Amino acid sequence: MKPPRSRSGSSKDTGPKRIPGKALKSASNPGENDATLDSATARTARNKTVSLRTARGRTTAQQRWLNRQLNDPYVAAARKQGWRSRAAFKLIEIDDRFKLIGEGTRIIDLGAAPGGWTQVAVKRGAKHVVGLDLLPVDPVAGAEIIEGDFTDPEMPDRLKDMLGGPADLVMSDMAPNTTGHAATDHMRIMGLAEGALDFAFQVLAEGGSFIAKVFQGGSEKDMLALMKTAFSSVKHVKPPASRKESSELYVIATGFRPERLLESSKGA
Ligand SMILES: C[S@@+](CC[C@H](N)C(=O)[O-])C[C@H]1O[C@@H](n2cnc3c(N)ncnc32)[C@H](O)[C@@H]1O
């Protein structure tokens, strides 16, 4: 695998020099959520691997996860460049291609913990960034962080107030706790993506964009049809930083057209 690169020649994307405070664990299971690796985990992973081997004398799922993390160039690069998660590279790769973040962009980051995407948004010059997660997130300079559930009915207005107006970009890297049962996990992640889309409809400015994590097979038929109505362009991408063996994809919808959404809801 090629080592990850930040945006060519830009000093903006080198990430902070150090990770302030202690990074936080995500709610998902080890092995399913690459954001669970923080620098502290990485520092102790080698020791844990050894002790697991010693304790059990056989390979465990946790040991495989630790080995994978230790051998992952994105994990090493994230640690070196000061990104809180290897997931930061997914947003960097998406934004290199779609150019959604720029000077003055107002962004809502749903499922922000431990803060990698929020860091990238700030580094790329976004004007206002609000990160939301069920879990606490250490402060990110230049962003506002709030702990809560995006399904809370007050959340869309609350986040719009924090941004000082509608958002130009809603991004969701939200992931549920995984069960290991593929169909259930697929349903849960698609539920989050659909919820994020509904949230985006409530907070996006005309012409705004939406990024969400979905599962292989792309977006569900109904969700895709709705996005095609409400946005001028809808694409699915698998950024190189997304693990090959993972069935995750990202849907990128640009050019929000609220009037089309209104028309279609009248016709329904
Ligand atoms: C893969 S992690 C996000 C990683 C993040 N993009 C980064 O780069 O650091 C997914 C996050 O979604 C959050 N999440 C799941 N359901 C949520 C909900 N209902 N409201 C807010 N956050 C949620 C989880 O707590 C978890 O921290």
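Residues numbered from 1 in each chain as written. Predicted model: local features only at pLDDT ≥ 70, side-chain atom pairs only at ≥ 80, totals over all residues. Heavy atoms only, no water.

## Some remarks on the pairing of strand β5 (residues 204–215)
A regular strand places its side chains on the two faces of the sheet in alternate fashion.
Okay, step 1: β5 sits mainly inside the fold: 10 of its 12 residues count as buried.
Okay, step 2: Where strand β4 (residues 167–172) lies against β5, five bridges are found, and the strand directions are parallel. Bridge pairing in β5 places Ala 167 opposite Leu 204. (Buried < 20%, exposed > 50% of the residue type's maximum accessible area, 1.4 Å probe, protein only. Helix = DSSP H or I, 4+ residues; strand = E, 2+ residues; numbered from the N terminus. Pairing = 2+ DSSP bridges.)

## Some words on the site of the ligand
Okay, step 1: Taken together, 21 residues surround the ligand, and among them Ser 85, Gly 116, Asp 133, Asp 149 and Asp 173 come closest.
Okay, step 2: The backbone of Phe 150 places a nitrogen or oxygen atom 3.3 Å from a nitrogen atom of the ligand.
Okay, step 3: Contact with the protein chains hides 96% of the accessible area of the ligand, taken as 610 Å² for the molecule alone.
Okay, step 4: Partitioned by chemical class, the residues of the shell around the ligand number 12 nonpolar, six polar and three charged. (Near = heavy atom within 4 Å. Polar contact = N/O pair within 3.5 Å; in protein donor to acceptor, adjacent residues only side chain to side chain. Areas by Shrake-Rupley, 256 points an atom, 1.4 Å probe, with all protein chains shown as cover. Nonpolar A, V, L, I, M, F, W, Y, C, P; charged D, E, K, R; others polar.)

## Quick notes on the UniProt feature "binding site: S-adenosyl-L-methionine" in the protein chain
Okay, step 1: Those residues carrying the UniProt feature "binding site: S-adenosyl-L-methionine" are Gly 115, Trp 117, Asp 133, Asp 149 and Asp 173 in this numbering.
Okay, step 2: Turning to its location among the elements, Gly 115 is positioned in the loop between β1 (106–110) and α5 (116–123).
Okay, step 3: Beyond its immediate sequence surroundings of up to four residues, Gly 115 is in contact with Arg 84, Val 137 and Val 140.
Okay, step 4: Residue placement: Trp 117 occurs in helix α5. (UniProt positions renumbered as here; feature names shortened; annotations may be inferred. Contact = heavy atoms within 4.5 Å.)

## Side note on helix α6 (residues 155–163)
Okay, step 1: If you check which residues of α6 are buried, you get Met 155, Pro 156, Leu 159 and Leu 163. Summarising the axial view, the buried residues of α6 lie within an arc of 100 degrees, below the 170-degree limit, and thus occupy one face.
Okay, step 2: Lining the buried residues of α6 we find β1, β2 (128–133), β3 (144–147), β4 and α7 (182–203).
Okay, step 3: Gly 164 sits one or two residues past α6 and shows a positive phi near 80 degrees. (Arc of directions from axis to C-beta.)

## Some details on helix α8 (residues 221–230)
Okay, step 1: Along α8, the residues that are buried comprise Met 223, Met 227, Thr 229 and Ala 230. Looking straight down α8, one finds that the buried residues subtend no more than 160 degrees of arc, so they occupy a single side. In α8, the exposed residues that point more than 90 degrees away from the buried face are Lys 221 and Lys 228.
Okay, step 2: The secondary structure elements touched by the buried residues of α8 are α7, β5, β6 (231–237), β7 (248–256) and α9 (258–267).

## Considerations on the UniProt feature "active site" in the protein chain
Okay, step 1: Annotation from UniProt places "active site" at Lys 213.
Okay, step 2: Mapped onto the fold, Lys 213 is located in strand β5.
Okay, step 3: Look past the residues within four positions of Lys 213 in its chain and what remains in contact with it is Lys 90, Ser 172, Asp 173, Met 174, Ala 175, Ile 189, Ala 193, Glu 248, Leu 249 and Tyr 250.
Okay, step 4: Of the polar contacts made by the side chain of Lys 213, one reaches the side chain of Glu 248; its length is 2.8 Å.

## Remarks on the environment of Asp 168
Okay, step 1: Looking at the secondary structure, you find Asp 168 in strand β4.
Okay, step 2: With 67 residues separating them in the primary sequence, Asp 168 and Ile 101 have C-alpha atoms 8.9 Å apart.
Okay, step 3: When residues no more than four places from it in sequence are discounted, the contact partners of Asp 168 are Gly 104, Thr 105, Arg 106, Leu 204, Ala 205, Gly 208 and Ser 209.
Okay, step 4: Within polar-contact distance, the side chain of Asp 168 engages the backbone nitrogen of Arg 106 at 2.7 Å.

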